[in-house]
Amino acid sequence: FARNRINDADGRELSHQHRAPSLKCHSVSRLSATIQKGLNCVFPFLGKGLVVLHGPKWFQHRRLLTPAFHNDILKSYVSLMADSSKVMLDKWEKRITKDKSLDIFEDVCLMTLDSLLKCTFSYHSNCQNRSTTLPTAIHDLTAMIQQRIKTFLYHNDLIYWFSPHGRRFRNACRIIHCNTEKMIKERKERLKDKRELENIQKKRRLDILDILLCAKDENGEGLPDEDISAETDTLMFGGHDTTGTGISWLLYCLALHPEHQQRCREEIKEILGDRETIQWNDLSNMPYITMCIKESLRLYPPVPQMYRQLNQPVTFFDGRTLPEGSLVSLHVYALHRNPTVWKDPEVFDPLRFSQDNLSDQHSFAFLPFSAGPRNCIAQQFAMTEMKVSLALTLLRFELSPDLNNPPNEVVQLLLRSTTGIHLHLKKLS
Ligand code: HEM
């Protein structure tokens, strides 16, 4: 990867500059055998959920949760996702004025939180229209994590936990944990009722809480409560901001490129005809939209870096070695804009992802959802939500950028803009 930032075991930065793709192939395959997930210190509140687990326990949880993202289940999420998008679009319709642009970022992230809570936990928070404790705490926590990463002093646990910032962080965690416990307790009570259990098992759609609570190992033992809470918090936290960030940058890309925006709109209109609602089968008939989504994920990967801690030394093809314990940052943002991997990398060109051009692409050149066994478990969920939300937005509005308020992208835990993402929206008749 270009511009890997590499620290040694004592935390000193070795600051390597690496060139893709040769090192990339080597490092991804070698590192996968020798890693633990890095940055665990940032997620103390998550408990030991999928994102930070490793070894047999990670394998057990991954196997358990994979069916929750199967197509048969995603199918039933489409209408819930569409409902959440419509709430956001209705809000925008009331708010737009001719001369003033709208900062869409916060609204999009609230929308993805709303839809995630509905889809995966059957929890109707109505958070887009009123301020409710749980979504506000999740939202605040995300901002505080970014702040902690940015503030070097706060990397020290002792300083952080005694600072006002650390105390606010603990408060937000408490709110989230209390809510999670309440949600789990209520569902457990309902599952105790035999008739309710039968109903749930007959339901076409099990949500993630059902899956976690009904899971049994080979000895017939269910998951311990702390594992269920950790996975619930992990999905709730990891699932909304990533997709919200992805959708925000996608709308920005299409605002900048009206010709691609129009082709996407025509594609949707042709698929829907007289229908107003999007259905699951429509989503596999959107080749141009899919290419635009991928191209925006290339230029603006919501997870711009991944971290790994080496649990044994790795020697690269050029003879250099990284010692055990090194924290390695895999710089996806830099990889996606590396001119040795991508021709004219700064140009927004969806056709890079056309069937004809795909064969020229290296299998590790495009990593918005990572790759290999630790890839994003919910990438189909995310792609589904991006398609639904983009399609409904383009049917309702024409998007253009606010040239006086351009985004200023920063690579943090997620790819943010310090100045928001401002767009002009014009209602289509
Ligand atoms: C556009 C949206 C998304 C992007 C770009 C994205 C990206 C990623 C990436 C890059 C990883 C690997 C991280 C690492 O190895 O350090 C990952 C893992 C993960 N993601 Fe996503 N994600 C998205 C949406 C979601 C959603 C919606 C959920 C849950 C509903 C989710 C749940 C997870 C989980 C649980 C893992 C850990 C998987 C494991 O280690 O087995 N993600 N995601």
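Residues numbered from 1 in each chain as written. Predicted model: local features only at pLDDT ≥ 70, side-chain atom pairs only at ≥ 80, totals over all residues. Heavy atoms only, no water.

**Concerning the coordination of the iron atom of the ligand**
Ideal donor angles around a metal are set by the shape: a four-donor tetrahedron calls for 109.5 degrees, a six-donor octahedron for 90 or 180 degrees.
Part 1 of the argument: Just one protein ligand coordinates the iron atom of the ligand, and it is Cys376 (SG) at 2.3 Å.
Part 2 of the argument: Along the polypeptide, Cys376 turns up in the loop between helix H14 (355–358) and helix H15 (379–396). (Donors = N, O, S within 2.8 Å, 3.2 Å for Na, K, Ca; no water. Helix = DSSP H or I, 4+ residues; strand = E, 2+ residues; numbered from the N terminus.)

**What to know about the side chain of Ser101**
Part 1 of the argument: Along the chain, Ser101 turns up in the loop between helix H3 (71–95) and strand E3 (102–103).
Part 2 of the argument: Looking at Ser101, its side chain comes within polar contact range of the side chain of Asp402, at 2.5 Å.
Part 3 of the argument: In this structure, Ser101 is in contact with Asp402, Asn405, His422, Leu423 and His424, ignoring residues within four places of it in sequence. (Polar contact = N/O pair within 3.5 Å; in protein donor to acceptor, adjacent residues only side chain to side chain. Contact = heavy atoms within 4.5 Å.)

**A closer look at the UniProt feature "binding site: heme" (unreviewed entry) in the chain**
Part 1 of the argument: Here, UniProt's "binding site: heme" (unreviewed entry) annotation points to Cys376.
Part 2 of the argument: Cys376 has contacts with Arg62 and Phe369, leaving out every residue within four places of it along the chain. (UniProt positions renumbered as here; feature names shortened; annotations may be inferred.)

**Details of the packing of aromatic side chains**
Part 1 of the argument: Enumeration according to the criterion identifies twelve aromatic pairs in this entry.
Part 2 of the argument: When the centroid spacing of 5.2 Å and the interplanar angle of 65 degrees are considered together, the rings of Tyr154 and Tyr160 count as edge-to-face. The residues Tyr154 and Tyr160 share a single accessibility class, namely buried.
Part 3 of the argument: With centroids separated by 5.9 Å and ring planes inclined at 80 degrees, the aromatic side chains of Trp249 and Tyr252 adopt a geometry described as edge-to-face. Of this pair, Trp249 and Tyr252 both sit in helix H10 (residues 225–256), separated by three residues, roughly a single helical turn.
Part 4 of the argument: For Tyr252, a relative accessible area of 11% corresponds to the buried category.
Part 5 of the argument: Taken together through their ring pairs, the aromatic side chains of Tyr154, Tyr160, Trp161 and Phe169 make up a single cluster.
Part 6 of the argument: It is Arg148 that lies over the ring of Tyr160; its NZ or CZ is 4.2 Å from the centre. (Phe/Tyr/Trp six-rings, centres within 6.5 Å; stacked < 30°, edge-to-face > 60°. Buried < 20%, exposed > 50% of the residue type's maximum accessible area, 1.4 Å probe, protein only. Lys NZ or Arg CZ within 6 Å of the ring centre and 35° of its normal.)

**Notes on the state of the cysteines**
Part 1 of the argument: Overall, the coordinates contain zero disulfides when judged by the stated rule.
Part 2 of the argument: Just so you know, Cys178 is unpaired, no disulfide at all, and the nearest cysteine sulfur is the one on Cys173, 11 Å from it. (Disulfide = S-S within 2.5 Å.)

**Here we look at the environment of Ala382**
Part 1 of the argument: Mapped onto the fold, Ala382 is located in helix H15.
Part 2 of the argument: With a relative accessible area of 9%, Ala382 lands in the buried category.
Part 3 of the argument: Beyond its immediate chain neighbours, meaning those up to four positions away, Ala382 contacts Thr243 and Phe369.

**Remarks on the pattern of salt bridges**
Part 1 of the argument: All told, the structure shown has 19 salt bridges when counted by the stated rule.
Part 2 of the argument: A salt bridge links Lys91 to Asp107, with the nearest nitrogen and oxygen atoms 3.8 Å apart. Of the two residues, Lys91 sits in helix H3 while Asp107 sits in helix H4 (residues 105–121), which places them 16 residues apart along the sequence.
Part 3 of the argument: As a salt-bridge pair, Lys182 and Glu186 come within 3.7 Å of each other at their nearest N and O atoms. Of this pair, Lys182 and Glu186 both sit in helix H7 (residues 164–192), four residues apart, roughly one helical turn.
Part 4 of the argument: Given a relative accessible area of 44%, Glu186 falls into the partly exposed group.
Part 5 of the argument: Salt bridges sharing common partners tie together Asp90, Glu93 and Arg396. (Salt bridge = Lys/Arg side-chain N within 4 Å of Asp/Glu carboxyl O.)

**Here we look at the confidence of the model for the chain**
Part 1 of the argument: Here the chain shows a mean pLDDT of 85. Residues at 70 or above account for 87%.
Part 2 of the argument: In this model residues 1–35 is a low-confidence stretch, pLDDT under 50, and it forms 90 contacts with partners more than four residues away in sequence or in other chains.
Part 3 of the argument: Both scores are given for the predicted complex: the pTM is 0.89, the ipTM 0.99. (pLDDT = per-residue confidence, 0-100.)

**Examining the site of the ligand**
Part 1 of the argument: Close to the ligand lie 26 residues; Trp58, Arg62, Arg308, Arg374 and Cys376 are nearest.
Part 2 of the argument: In this structure, Arg308 approaches the ligand through a side-chain N or O atom, which is 2.7 Å from an oxygen atom.
Part 3 of the argument: When contributions to the shell around the ligand are tallied by element, the ones reaching two or more residues are helix H2 (55–65), H10, strand E4 (305–310) and H15.
Part 4 of the argument: For the shell around the ligand, the element with the most residues is H10, which contributes five residues. (Near = heavy atom within 4 Å.)

**Notes on H4**
Part 1 of the argument: If you check H4, its first and last C-alpha atoms are 24 Å apart, about what 17 residues at 1.5 Å a residue would give, namely 24 Å.
Part 2 of the argument: With 16 of its 17 residues buried, H4 lies for the most part within the structure.
Part 3 of the argument: In the stretch just after H4, Ser122 is the one whose phi turns positive, near 50 degrees. (Expected span 1.5 Å × (residues − 1).)

**Focus on the pairing of strand E8 (residues 397–401)**
Part 1 of the argument: Residues of E8 alternate between two faces, with Phe397, Leu399 and Pro401 buried on one and Glu398 and Ser400 left unburied on the opposite face.
Part 2 of the argument: Strand direction decides the pairing type here: E8 and strand E11 (residues 422–427), joined by five bridges, are antiparallel. Its bridge partner lying in E11, Pro401 is registered against Leu423. (Pairing = 2+ DSSP bridges.)

**As for the sheet that holds E8**
Part 1 of the argument: Overall, antiparallel pairing links the three strands, which are arranged E3-E11-E8 in an open sheet. A single partner strand is all that each edge strand has here, and the edge strands are E3 and E8.
Part 2 of the argument: Relative to E11, E3 runs antiparallel, the two being bridged by two bridges. Counterpart to Leu102 in the pairing with E11 is Leu423.
Part 3 of the argument: Lying over the sheet, H3 contacts E3, E8 and E11, oriented at roughly 70 degrees with respect to E8. (Axes fitted to C-alpha atoms, helices over the stretch in contact; angles between N-to-C directions.)

**Quick word on the nonpolar core**
Part 1 of the argument: Of all hydrophobic cores here, the largest spans 101 residues; its most connected members are Trp92 and Phe381.
Part 2 of the argument: Of all the elements, H10 adds the most residues to this core, at twelve residues.
Part 3 of the argument: Not counting residues up to four positions away in its chain, the partners in contact with Phe381 are Phe69, Leu74, Tyr77, Met81, Leu116, Cys119 and Thr120.
Part 4 of the argument: Core analysis: the next-biggest nonpolar cluster, separate from the first, contains ten residues, Leu310, Leu330, Val332 and Leu335 among them. (Core = buried A, V, L, I, M, F, W, Y, C linked by side-chain atoms within 4.5 Å.)

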